[in-house]
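# Examination of the molecular architecture
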Amino acid sequence: MNREPIHIVGGGLAGSECAYQLASRGLPVVLHEMRPTRPTPAHKTGDLAELVCSNSLRSDDPEHAAGLLKREMEAFGSLIIGAAREASVPAGGALAVDRERFAALVTGRLAELPGVEIRREEVTEIPPVPGLEVGRDLDTVIATGPLTSDALAASLGAILGSEWLYFYDSIAPIVDAESLDDSKLFAQSRYGKGEGDDYLNAPMDREQYLAFHQALLEAEVLPLHDFEDARFFEGCLPIEELARRGVDTLRYGPMKPVGLTAPDGTRPYAVVQLRQENLAKSHYNLVGFQSRMKWPEQRRVFAMIPGFENAELVRLGQIHRNTFVSSPTHLDKLYRIRSAPRVRLAGQLTGVEGYLESAATGLAIALYLTLERTFEESGREIEPFPATTGLGALARHLTDSEAKHFQPANINYGLFEPLPRRIKKRERRAAYAERSRHDLLAWAADHGLEASPAPFGASAPARAAERTGTAASATQRGG
Ligand SMILES: Cc1cc2nc3c(=O)[nH]c(=O)nc-3n(C[C@H](O)[C@H](O)[C@H](O)COP(=O)(O)OP(=O)(O)OC[C@H]3O[C@@H](n4cnc5c(N)ncnc54)[C@H](O)[C@@H]3O)c2cc1C
């Protein structure tokens, strides 16, 4: 097998997972990461896999599309999901992490893994080794994320030869727990999920909510630069942008009170939820409160939240460029650039959205690269993951969407191959999960890759039956 090193540019969520998967399958890797020598506008440390905003990798429910994707990745021994489980903090049904511990675990594992060379340098050109021809002489994975440095973005633009797309993400603020007035908050998860009290909630009555909403409407926001176009990703809208959509939009969005009961037994009119940021419970994230208000305005407006009168915001909301390519135009089903097939794109740069999804693309690319080298002599073709799995559904979104309307997507069942209509609504999530488990393991066996069924635990039908009390044959849940 060809054992030339594979060059991965960018040691974020996608690059770290990709490097780990390749090296643990015996393929040497050179991982180029520009931090800490050269920072990005959002990262704070030199650690690999640093989470720049929320500390959540979304739902861990095995029948939720995000929970299912995690299990698919765990079946192949995912570094990112493994580290996330080790560094997890209570977050209801979500998998949230102590971000410093998480990044330290990933960095440590890669540093000690034989076959991984980490170079702390900015790569300004593709290929990352001078003198070689683009896409011919070197297997390269570009995983430089939404904040790809300008020089590399220009080099990528030159290869792709057509327009880039930009949009903007906003970072949610973090508050110091000690600065909050506890007497005005209550601990509870929505519908009592997780431990039942994983979140802190700041309840508002109608009057408080209307005043807060008005303040959001009036707050000054940062102006956009000339080249910027205010196209926000619908799943990550700034709080003030949501407020502009209508007086009740927030009450049906991040400030919804459903599933929560205040200590006096009533349901609040609206709620600000705070999610634990670290194991020490010293910092909390304002859930869904991404913002591009000017910083003094954020301090003024957020001080109106009950309990926040003297709040110390240790990080304020921010706005950042997000760079991604038109994948339907440029990528094939194995994440290769059509015009330069030995260059692959991974992570957010491809137009997947989210930490989890970015890591998932890194894992898929590593498996495809391993297979490509394994099958080199026989010339056997690689089948991509089927779109009945989360790993396959994500890739299909990238390649089969209409280029003109292409938008980044989180994993969701809408991207999967549809189920037969006869399956009843309440059984559909279990059916998606079971079909994915079956097809993923079959795909792996067919390609000669090891995949553990353990992370899927009890089969989905068995779990569904267990819930409705119709069977008692569920096997133990693994992973
Ligand atoms: C401001 C912001 C907030 C976000 N918030 C969330 C969130 O709350 N939840 C969520 O799920 N997703 C969020 N995302 C989206 C996305 O999930 C993350 O950006 C995720 O980290 C993407 O993973 P990645 O591996 O593609 O890129 P990254 O994790 O950003 O990794 C890319 C790496 O490449 C390095 N790099 C860049 N250019 C070069 C170069 N030329 N040479 C060498 N190294 C280079 C960077 O330093 C970085 O370490 C956010 C994105 C942004 C920009």
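Quick note: structure is the one above.
Below is a summary of the structure that appears in this document. Quick caveat: nothing in here was measured; it's all calculated off a predicted structure. (Residues numbered from 1 in each chain as written. Predicted model: local features only at pLDDT ≥ 70, side-chain atom pairs only at ≥ 80, totals over all residues. Heavy atoms only, no water.)

## Comments concerning the overall build of the protein
- When its secondary structure is counted, the protein shows 13 helices and 17 strands.
- Here the protein holds 479 residues, and the buried ones make up 57% of them.
- In the protein, 70% of the contacts between residues at least 6 apart in sequence involve partners at least 24 apart.
- Just so you have it, the protein exposes about 20100 Å², and 50% of that area is on carbon and sulfur atoms. (Helix = DSSP H or I, 4+ residues; strand = E, 2+ residues; numbered from the N terminus. Buried < 20%, exposed > 50% of the residue type's maximum accessible area, 1.4 Å probe, protein only. Contact = heavy atoms within 4.5 Å. Areas by Shrake-Rupley, 256 points an atom, 1.4 Å probe, with all protein chains shown as cover.)

## With respect to the sheet that holds strand S16 (residues 336–337)
- The mixed open sheet is built from six strands, whose spatial order is S6-S2-S1-S7-S17-S16. Strands at the two margins of the open sheet, each flanked by one partner only, are strand S6 (116–120) and S16.
- Summarising the sheet, strand S2 (residues 29–33) and S6 pair through five bridges and their orientation is parallel. Bridge pairing in S6 links Leu31 to Ile118. (Pairing = 2+ DSSP bridges.)

## Thoughts on the pattern of salt bridges
- With the rule as written, the count across this model stands at 27 salt bridges.
- The shortest N-O distance in the salt bridge between Arg35 and Glu50 comes to 3.3 Å. In this pair, Arg35 is assigned in the loop between S2 and strand S3 (56–59) and Glu50 in the loop between S2 and S3, connecting sequence segments 15 residues apart.
- We note a salt bridge from Asp61 to Arg429, for which the minimum N-O separation is 2.7 Å. Here the residue Asp61 occupies a position in the loop between S3 and helix H2 (65–75), and Arg429 occupies one in helix H12 (residues 428–447), the gap between them amounting to 368 residues.
- By relative accessible area, which is 35% here, Arg429 ends up partly exposed.
- One network of salt bridges, in which partners are shared, links Asp139, Asp332, Arg336, Arg342, Arg344, Glu372 and Arg373. (Salt bridge = Lys/Arg side-chain N within 4 Å of Asp/Glu carboxyl O.)

## Overview of the site of the ligand
- The immediate surroundings of the ligand are formed by 34 residues, with Glu33, Arg35, Val123, Gln348 and Gly354 found nearest.
- Taking Leu13, its main chain carries an N or O atom lying 3.1 Å from an oxygen atom of the ligand.
- In the complex, the protein chains occlude 96% of the 970 Å² of accessible area that the ligand would expose alone.
- Every element with two or more residues in the shell around the ligand is listed here: helix H1 (13–24), S2, strand S8 (165–171) and helix H10 (355–374).
- Split by residue class, the shell around the ligand holds twelve nonpolar, 16 polar and six charged. (Near = heavy atom within 4 Å. Polar contact = N/O pair within 3.5 Å; in protein donor to acceptor, adjacent residues only side chain to side chain. Nonpolar A, V, L, I, M, F, W, Y, C, P; charged D, E, K, R; others polar.)

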